[in-house]
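# Structure assessment
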Amino acid sequence: MDDEYDAWVVSAGTGTTAAGLLAHHQTPDLHVFSALKGAQNQRGFIVDQAQQINAAELSQLMAIQKSFSEKLFFHSHCHQGGYAKQSPALKKFIHEFAKNNPDSPLDPVYTCKSMYAVFTAMEEGTWPYRRTLFIHTGGLQGWRGYPLSSNPFVLP
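Residues numbered from 1 in each chain as written. Predicted model: local features only at pLDDT ≥ 70, side-chain atom pairs only at ≥ 80, totals over all residues. Heavy atoms only, no water.

## Observations concerning the nonpolar core
In terms of nonpolar packing, the biggest core is built from 17 residues, with Val10, Leu21, Leu22, Leu30, Val32, Ile46 and Leu72 touching the most fellow members. At the level of secondary structure, the elements contributing two or more residues to this core comprise strand E1 (7-12), helix H1 (16-23), strand E2 (29-34), helix H2 (42-53) and strand E3 (72-75). Those residues in contact with Leu72, other than ones at most four positions away along the chain, are Leu22, Leu30, Val32, Arg43, Ile46 and Val47. Leu90, Ala98, Met115 and Trp143 belong to the second largest nonpolar core, which has 10 residues in total. (Core = buried A, V, L, I, M, F, W, Y, C linked by side-chain atoms within 4.5 Å. Buried < 20%, exposed > 50% of the residue type's maximum accessible area, 1.4 Å probe, protein only. Helix = DSSP H or I, 4+ residues; strand = E, 2+ residues; numbered from the N terminus. Contact = heavy atoms within 4.5 Å.)

As structure tokens, then:
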């Protein structure tokens, strides 16, 4: 890990991946996008888990680093209606993204929502970072719950 990126982005279901990333002392600003509706309290869980992971090193690191809470940006409003739900705008985005990035498939449950939120913020000029790392943790098996015809990453 180095200073190559000024922000990382990750999707969240349970939040444990985000907690692990947050616990690392070199993590820059971490933006976590929850795929769950009503998950506002998940932010506290992520911070608590990160603190437990780093309990032994915590006091030493806190003297030189931002606190976990300061570098965590939690987005609970990007769920698009709830777990595994997709708004018409999100569906359109997925299809456009697939057309322009066929070798970078997004899953329909988590990463599509995070990527859509980041792209929207960039288009609106509200994303404050120049170098963002988008961490895609998988989830592509989520397409199994949708008709094959709805997956724009499958070749016809």
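## Let's talk about the sheet that holds strand E4 (residues 132-135)
The strand order E3-E2-E1-E4 describes an open sheet built from four strands, whose pairing is parallel. Both outer strands of the open sheet, E3 and E4, are each paired with one neighbouring strand and no more. Averaged over all pairs of adjacent strands, the angle between strand axes in this sheet comes to 20 degrees, irrespective of strand direction. Strand direction decides the pairing type here: E1 and E4, joined by four bridges, are parallel. Across the sheet, the residue bridging to Val9 is Phe134, located in E4. (Pairing = 2+ DSSP bridges. Axes fitted to C-alpha atoms, helices over the stretch in contact; angles between N-to-C directions.)

## As for the pairing of E2
Counting buried positions along E2 yields six of six residues, so the element is predominantly enclosed. Residues Asp29, His31 and Phe33 line one face of E2 and the alternating positions Leu30, Val32 and Ser34 line the opposite face, and both faces are buried. Bridge count between E1 and E2: six bridges; the pairing is parallel. Paired with Val9 across the strands is His31, a residue of E2. The handedness of the E1 to E2 crossover, carried by H1, is right-handed. With four bridges connecting them, E2 and E3 associate as parallel partners. In the strand pairing of E3, Leu30 is matched with Leu72. (Right-handed = clockwise from strand over helix to strand, strands pointing away.)

## Looking at the packing of aromatic side chains
Within this structure, the stated rule accounts for six aromatic pairs. Ring geometry for Phe93 against Tyr116: centres 5.2 Å apart, planes inclined by 55 degrees, an arrangement best described as tilted. Of this pair, Phe93 sits in helix H5 (residues 88-100) while Tyr116 sits in helix H6 (residues 111-124), placing them 23 residues apart in sequence. When its relative accessible area of 9% is taken as the criterion, Phe93 is described as buried. (Phe/Tyr/Trp six-rings, centres within 6.5 Å; stacked < 30°, edge-to-face > 60°.)

## With respect to the packing of H5 against H6
Running from N to C, H5 and H6 cross one another at 90 degrees; their axes reach a closest spacing of 10 Å. Of the possible angle classes, the one that applies to H5 and H6 is roughly perpendicular. For the pair formed by H5 and H6, the contact residues are Ala89, Leu90, Phe93, Ile94 and Phe97 on the first element and Cys112, Lys113, Met115, Tyr116 and Phe119 on the second. Taken together, the residues that form the contact of H5 with H6 break down as nine nonpolar, no polar and one charged. (Parallel < 35°, antiparallel > 145°, perpendicular 65-115°, else oblique. Nonpolar A, V, L, I, M, F, W, Y, C, P; charged D, E, K, R; others polar.)

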